[in-house]
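Breakdown of the fold
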Amino acid sequence: MTAQIIDGKAFAATVRAKVAAHVARLKEEFGEHPGLAVVIVGEDPASHVYVRSKAKQTIEVGMNSYEHKLPADTSEAELLALIAKLNADTSVHGILVQLPLPKHLDSDLVINSIDPAKDVDGFHISNVGLLGTGQKSMVPCTPLGCLMMLRDYHGDLSGMNAVVVGRSNIVGKPMANLLLGDSCTVTIAHSRTKDLPSVVRQADIVVAAVGRPEMVKGDWIKPGATVIDVGINRIERDGKGILVGDADFDSCAAVAGAITPVPGGVGPMTIACLLANTLTAFCRAKDLPEPQGLTA
Ligand code: GUN
C-alpha cells in the first residue's frame, strides 16, 4: 500500500475542538450559546442512533441541543407548525430535520419551510441556489467535510482535475459546486457515465459518492491521485457484516497518493461540520465575524 491515509476521525476531532473553543469565547464575550434543534419523525433505529450522536456531540462542544422526537403518524401540518415555532425561537440557531421522513410527509415542502438562515443541512432551495451561484450560503455537511479534508491535505486546489462520482442533491451536486468554488476543473460522473474508468483516470481528486459498494477500482485511479470515499455500505464478507466505501480500498490505496478509509474517513466529518454550520449560523445571526477555517 502506498497511499497516505487521511484520518477523518482525528480531523473531525480538531474541527470539534475549534468549534468548542469558539463557542467558549462567545459565551465569555456575549453570554450566549448557539442552539441546534434536531427533529426526528418515526422510529427508524439507525436514524435514532444518528440523532443521539448529534445531540451528544452538540453538548460536548458547549452548544444547546434541542431534540424533538415525533411519532411516525405526525401530520404534515403538525410538523410544519413545529418548524414555524423553531424558526421564530431566538435561542435556536440551527434546525435539522432528520431524513428520510415517513412516506406521507413531503420532504421538499418540509425542508423548504425551514428558515434558510437556520438550515444547517444546506438543503433549502435558497441555499442550494446560493451555493450554485457562488454566493454565501449554508453548505451541506458531508461535502463541506470533504472540502475541509482536501484543503488540509493539498492546500490550494486551484487547477486540479476533480471527478465527483455521484449526482445526489446531498453530496454529488454540492460537492461539485464547492470544488468549482475552489477553482478545480470539475466533472460530475455517475453510474450511467460512458467509460467511467477512463473518466475517473483523468482525476487528481476523486470523490466517490455513488452508493455502490467498492465500485471504484484501483485501476481507475491515476497514480498519486487523492480518493475521498463518501460511501458507507454494509455488506457481508466471510460471514460477517462489515462497512465498506464506494471505492475498493485495497486496490485504490495501492495506486492513490492519499485516501480516506471507511469507516473513519468522511463519516466522522459530517457531524463535526453540522456543529461548524451551527456556529456559522449563530455568528451570521448575531452579525459577528465568521469562524475561520470552518466554512466554505
Ligand atoms: N440522514 C442521513 N444523513 C443526513 C443528513 O446529513 N441530514 C439529514 N437531515 N438527514 C440525514
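Residues numbered from 1 in each chain as written. Predicted model: local features only at pLDDT ≥ 70, side-chain atom pairs only at ≥ 80, totals over all residues. Heavy atoms only, no water.

Here's the deal with the overall build of the chain
Rules: The numbering of helices and of strands both runs from the N terminus, where a helix is a DSSP run of H or I of at least 4 residues and a strand a run of E of at least 2. The reference for a compact globule is 2.2 Å times residues^0.38; the radius of gyration itself is calculated from the C-alpha atoms. The buried label applies to any residue whose accessible area, calculated with a 1.4 Å probe on protein chains only, is under 20% of its type's maximum; exposed applies above 50%, and partly exposed to all values in between. Contacts between residues were defined by any pair of non-hydrogen atoms, one from each residue, lying within 4.5 Å. Residue-level accessible areas treat just the shown protein chains as cover; the underlying method is Shrake-Rupley with a 1.4 Å probe. Under this rule, positive means Lys or Arg and negative means Asp or Glu; His and the chain ends count for nothing. Charged side chains are reduced to one point each, which is NZ for Lys, CZ for Arg, CG for Asp and CD for Glu.
Counting its secondary structure elements, the chain contains 10 helices and 11 strands. Taking 2.2 N^0.38 as the reference for a compact globule, 296 residues should give roughly 19 Å; the C-alpha atoms of the chain span a radius of gyration of 19 Å, in line with that estimate. The C-alpha extent of the chain, read off along each of the three principal axes, is 50 × 45 × 35 Å. Counting the 296 residues in the chain, one finds 48% classified as buried. Taking the contacts inside the chain whose residues are at least 6 apart along the sequence as the reference set, 68% of them involve residues at least 24 apart. In the structure as shown, the chain presents an accessible area of about 13400 Å², 53% of it carried by carbon and sulfur atoms. Here the chain contributes 27 positive and 32 negative side-chain charges, whose respective centroids are spaced 2 Å apart.

Observations concerning the nonpolar core
For soluble globular proteins, the rule of thumb is that nonpolar side chains tend to be buried together. Quick reminder of the rule: By nonpolar core is meant a set of buried Ala, Val, Leu, Ile, Met, Phe, Trp, Tyr and Cys residues that side-chain atoms within 4.5 Å join together.
Within the largest apolar cluster, 54 residues are counted, with the highest numbers of intra-cluster contacts made by Val19 and Leu179. If you tally residues by element for this core, the top one is helix H10 (residues 267-285), at 10 residues. Not counting the four nearest positions on each side in its chain, leucine 179 is found in contact with Leu147, Leu150, Leu157, Ala162, Val164, Cys184, Val186 and Val207. With 20 residues, the next largest nonpolar core counts Val200, Ala203, Ala208 and Cys252 among its residues.

What to know about the sheet that holds strand S3 (residues 64-70)
Formally: At least two DSSP bridges between two strands are needed for those strands to be called paired. Comment: axis = line fitted to C-alpha atoms, over the contacting stretch for helices; angle = value between 0 and 180 degrees taken between N-to-C directions.
Strand order across the open sheet formed by 3 strands is S3-S2-S4, with parallel pairing between neighbours. What marks the edges here is a single partner per strand, and that holds for S3 and strand S4 (94-97). Across this sheet, the average inter-strand angle for adjacent strands is 15°, counted without regard to direction. Pairing between strand S2 (residues 35-41) and S4: 4 bridges, direction parallel. Across the sheet, residue valine 39 finds its bridge partner in S4, namely valine 97.

Some words on the site of the ligand
The condition that has to hold: Note on terminology: near, applied to a residue and a molecule or strand, indicates that one of the residue's heavy atoms is within 4 Å of it. Two N or O atoms form a polar contact when they lie within 3.5 Å of each other; inside protein one atom must be a possible hydrogen donor and the other a possible acceptor, and for residues adjacent in sequence the pair counts only when both atoms belong to side chains. As a working rule, the residues Ala, Val, Leu, Ile, Met, Phe, Trp, Tyr, Cys and Pro are called nonpolar, Asp, Glu, Lys and Arg charged, and the rest polar, with Gly in that last group.
As a structural note, the neighbourhood of the ligand is formed by Tyr50, Leu96, Val97, Gln98, Leu99, Asp121 and Phe123. Note that a nitrogen atom of the ligand is positioned 3.1 Å from one of the side-chain N or O atoms of glutamine 98. Within the side chain of aspartate 121, a nitrogen or oxygen atom sits 2.5 Å from a nitrogen atom of the ligand. Contact with the protein chains hides 78% of the accessible area of the ligand, taken as 280 Å² for the molecule alone. For the shell around the ligand, the per-class residue count stands at 5 nonpolar, 1 polar and 1 charged.

Regarding the pairing of strand S10 (residues 240-244)
In this structure, strand S9 (residues 233-237) lies alongside S10, joined through 5 bridges in antiparallel fashion. In the strand pairing of S10, arginine 234 is matched with leucine 243. Two successive antiparallel strands, S9 and S10, enclose a turn made up of 2 residues, where aspartate 238 displays a positive phi of approximately 55°.

Examining the sheet that holds strand S8 (residues 226-229)
Strand order across the open sheet formed by 6 strands is S1-S11-S8-S7-S5-S6, with parallel pairing between neighbours. Strands with a single pairing partner mark the edges of an open sheet, and in this sheet they are strand S1 (4-5) and strand S6 (185-189). By the bridge criterion, 5 bridges tie strand S5 (residues 161-165) to S6 in an arrangement that is parallel. For valine 164, the partnering residue across the bridge sits in S6 and is isoleucine 188. Contacting S1, strand S7 (205-208), S8 and strand S11 (258-259), helix H6 (residues 141-154) crosses the sheet at an angle of about 155° to S8. Taken strand by strand, helix H7 (residues 172-181) contacts S5, S6 and S7, and its axis lies near 170° from that of S5.

Here's the deal with the side chain of histidine 22
Here histidine 22 is to be found in helix H1 (residues 8-30). Once residues within four sequence positions are removed from consideration, histidine 22 is found in contact with Leu279, Cys283 and Pro291.

As for H10
Heads up, the condition is: An expected span of 1.5 Å times one less than the residue number is assigned to each helix.
Spanning 19 residues, H10 covers 28 Å between terminal C-alpha atoms, matching the ideal 27 Å at 1.5 Å per step. For H10, the buried fraction is high: 15 of the 19 residues fall into the buried class. Positive phi shows up at aspartate 287, right after H10, with a value of about 60°.

Thoughts on the packing of H1 against H10
When two helices pack together, their arrangement is given by the angle between the helix axes and by the axis-to-axis distance. For the record, the criterion: Oblique is the label for every angle not falling under 35 degrees (roughly parallel), over 145 degrees (roughly antiparallel), or within 65 to 115 degrees (roughly perpendicular). Throughout, a crossing is termed right-handed when the near helix is turned clockwise from the far one, and left-handed when it is turned anticlockwise from it by less than a right angle.
One can describe the packing of H1 onto H10 by two numbers: an axis separation of 8 Å at closest approach and a directional angle of 20°. On the basis of the axis angle, H1 is roughly parallel to H10. The two elements H1 and H10 cross, and the hand of that crossing is left-handed. On H10, the residues touching Gly8, Lys9, Phe11, Ala12, Val15, Arg16, Val19, His22, Val23 and Leu26 of H1 are Pro268, Met269, Ala272, Leu275, Ala276, Leu279, Phe282 and Cys283. Its residues assigned to classes, the contact of H1 with H10 shows 14 nonpolar, 2 polar and 2 charged.

A closer look at the packing of H1 against H6
The contact between H1 and H6 brings their axes to 11 Å, and the two run at 100°. On the basis of the axis angle, H1 is roughly perpendicular to H6. Along its contact with H1, which presents Gly8, Phe11 and Val15, the element H6 presents Met148, Met149 and Asp152. Residue composition of the contact of H1 with H6, by class: 4 nonpolar, 1 polar and 1 charged.

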